[in-house]
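Now for the letters of each chain:
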Amino acid sequence: MNHPHIFGIRHLSPAGAWHLKNFLTEKNPKLVLVEGPSDFDDVLPWFPEEAVQPPIAVLAYTKDAPVRTILYPFAEYSPEYQAILWCHENKKKCRFIDLPSEVFLALPEHAPGAASADSGEEERMNVYQLLDKQAGEDGHETFWERTMEQTGDTEGYHRGAEIFGSELRALEGDQGTDRPEILVREAFMRRKINEAVAEGFAPEDIVVVTGSYHVAGLLDEKAGAMTDKELASLPRLEASHTLMPYSYYRLSTRAGYGAGNKAPAYYALLWEAMGRGDLSYTARNYLARIAGFQRAHGNPVSSAQVIEAVQLSAALAKLRGGSGIPALRDLRDAAVTCLGGGRFSELTLAAADTEIGTVIGALPDGVSRTSIQEDFYRKLKELKLEKYRGVTQQELALDLRENRKVSTQAAAFLDLHRSFFLHRLRVLGVSFAVPAAARQDNATWAELWGVRWTPEAEIELVEAALKGDTVAQAASFCMKERVEQAPNMGEAAKVIEDAFACGMTEAAAYATAALQAMAVDAASVTDLASVANSLSVILQYGD
C-alpha cells in the first residue's frame, strides 16, 4: 500500500460508528487519524472518562474581540467519538488531522468573493435534492437512512460511503463556493498523513476517519501535500478551545460539519439497535415511546394500536422499495395513522420528545474550561441551581427578603444571592435565565425567572471570558463600558439600576459618579424623567 486505509463517514451516523469500530478491529491499526482541528489533541484524554456523557462539543474561540467561535459536536454515535474510544480501549494512538482552529476562525474574512458562509451548503443541498428525487424519497435524511444506516455489512458501508462522497464531489465539480477551503483542508490532511508515515508508521498501519466527501480528495495521487511555505501563508487568529456539554436539541438544529441530524434521539435508538444486533428494535422502541408519551399526557393508546403501527411501518418500508426495515418516515406515518387518528397534530409533542429528545451531555469537574465557565458551574452548585440546568424552561420564583426560619446566613439570603447571580448573567447577555413579570403587585421582594440551559448560553459565557475571570468581574467590566459609552443621563441611570439588581456596590458607585458629572450640564426634561424612573426603582428596595 502507498496510502493508509481511509474510512469515509457521515459525521453523525450510527451505522458509520458501528461499522468503523468493526473496521478498526479488523485492520488493527497502530494510529488512527480523525478529521478535526489538529490543535484539539489535548482534549482527547478526556473522551474516555467515565464521567463524560455525550453529547459534548469542543468550542474554539478567538482571544481578541469581537469573539468568533466554531463548534465540533460529538454524540455517542459519532464515528469520530467511537474511533477515539476504540483507540483508548486498544491502547492505540489517535490524532486530529484537520486545519488548526486558529486557521478555521480566520478563514471567513480571507475567503475569496463575497459568498455567504451558508452558500456552499445550499449548493450541496441542491445536489441532495436531485438525489432524493431520483430515489423517490421525501428528503435526504430518508435517502441516507435507507441507503446507508440500514447497511448491515461493514464493507458495504465502507464502499457505499466512498462512492457517495465521490459522486457528490463529481456532481458539484468546481462550482461550490467552499471548494477552495476544501482543497486547502485536504492538502493539510495529506501533510499530516505524510508526517505520520515519516515518523515510522507504515501506511497499512494507519486508518484515516474522514467525511465521505473527502475520501476521493485524500486518495487523489495528483494532489500534493501542503508545503511548509503554504502552511506559513495560512491566515490565523489566536484562539483557545474548551470542552462543553451539548444537547440533542442543539444537534437537531445545527449539527456541525454541515452534516444534518434532525432527529438525534431517534438516531440514538438506531445506535442502541445496532448494539443489540436487531435493527427492528428501533421501530418497536420508537412507537412504544410515542405511545408512552401519549399515555403520560392523558391520551389513551392501546397495545393493539402499537402492534398495528409496527406492522404498518414494515409494510410501508416494503412499499417504498426498502428492505422491510422501517425508516423514520415510515414510523412517523404509521404513528400518525394508528396512534394519532390520522392527524400529526395529535402527536407533535410526542414526536419531538422521541425524535429530538431532551438529553444534555455532562463533563466532570476539572475538565478543560475557561475560568468564567468554572465560576458559573461553581455558582450553580453553591446557589442550588443545578436542577434548573435542563433544555426545558423551568420557572424559578424568588423571595428577596431574609428567611428567618433557617439557621445560616447563606440560607437566609439564598434567593437574594440567586437574584444577584441571575441579574449578572442578564447584564452579560448570557441567556441562562430570563426575567418574567412578578405576580405580586408592587412587591419589590418578589422576582420570577424562566431558567433554561442551552449550548448558546455556554458560548455566550466563553465570549464573556474576555471581560473577566468570573461572572461578577465580567458583569462589572460590562457595566463600566456602558457607563463610559453612555450618551445621556438616562443610560447611566440604567447602569445604576442594573448594579443594584446585581448586588454590585462598586459598579453603582462609579455609575453614580458618572451620572453626577452629566447632571451638571443636563437640560433635557426627557433625560431627567428617565433618570428619575430608574432611581425610583432603586429607592423602592429601601437600600
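The following refers to the structure shown. Every value quoted in this text rests on a predicted model; they were computed, and no experiment measured them.

Analysis parameters
- Residues numbered from 1 in each chain as written.
- Predicted model: local features only at pLDDT ≥ 70, side-chain atom pairs only at ≥ 80, totals over all residues.
- Heavy atoms only, no water.
- Pairing = 2+ DSSP bridges.
- Helix = DSSP H or I, 4+ residues; strand = E, 2+ residues; numbered from the N terminus.
- Axes fitted to C-alpha atoms, helices over the stretch in contact; angles between N-to-C directions.
- Contact = heavy atoms within 4.5 Å.
- Core = buried A, V, L, I, M, F, W, Y, C linked by side-chain atoms within 4.5 Å.
- Buried < 20%, exposed > 50% of the residue type's maximum accessible area, 1.4 Å probe, protein only.
- Salt bridge = Lys/Arg side-chain N within 4 Å of Asp/Glu carboxyl O.

**As for the sheet that holds strand β5 (residues 93-98)**
Here comes step 1: Taken together, the four strands give an open sheet; going across it, the order is β1-β6-β2-β5, and neighbouring strands pair in parallel fashion. With one partner strand each, in any of the chains shown, β1 (5-9) and β5 form the two edges of the open sheet. Along the sheet, successive strands turn relative to each other by an average axial angle of 30°, direction set aside.
Here comes step 2: Lying over the sheet, helix α7 (residues 179-199) contacts β2 (31-37), β5 and β6 (206-211), oriented at roughly 150° with respect to β5.
Here comes step 3: The strands touched by helix α8 (residues 212-219) within the sheet are β1, β2 and β6, with β6 carrying the most contacts at an inclination of about 130°.

**What to know about the nonpolar core**
Here comes step 1: Judged by nonpolar contacts, the single largest core of 52 residues is most densely connected at V32, F47, F74, Y157, V209 and L243.
Here comes step 2: The element contributing the most residues to this core is helix α2 (residues 79-89), with six residues.
Here comes step 3: Residues within four places of V209 in sequence aside, it is in contact with F7, I9, L20, V32, L33, V34, E35 and A83.
Here comes step 4: Within the second largest apolar cluster, 49 residues are counted, among which are L400, L425, A474 and V495.

**Section: the pattern of salt bridges**
Here comes step 1: Following the criterion strictly, the structure yields 29 salt bridges and no others.
Here comes step 2: Note that E102 is salt-bridged to R236, the shortest N-O span being 2.6 Å. Note that E102 is positioned in helix α3 (residues 101-110) and R236 in the loop between α9 (228-232) and β7 (239-245), a separation of 134 residues in sequence.
Here comes step 3: For E102, a relative accessible area of 25% translates into the label partly exposed.
Here comes step 4: R236 sits in the partly exposed class, given a relative accessible area of 38%.
Here comes step 5: Taking the shortest distance from any N to any O, the salt bridge between K494 and E491 comes out at 3.6 Å.

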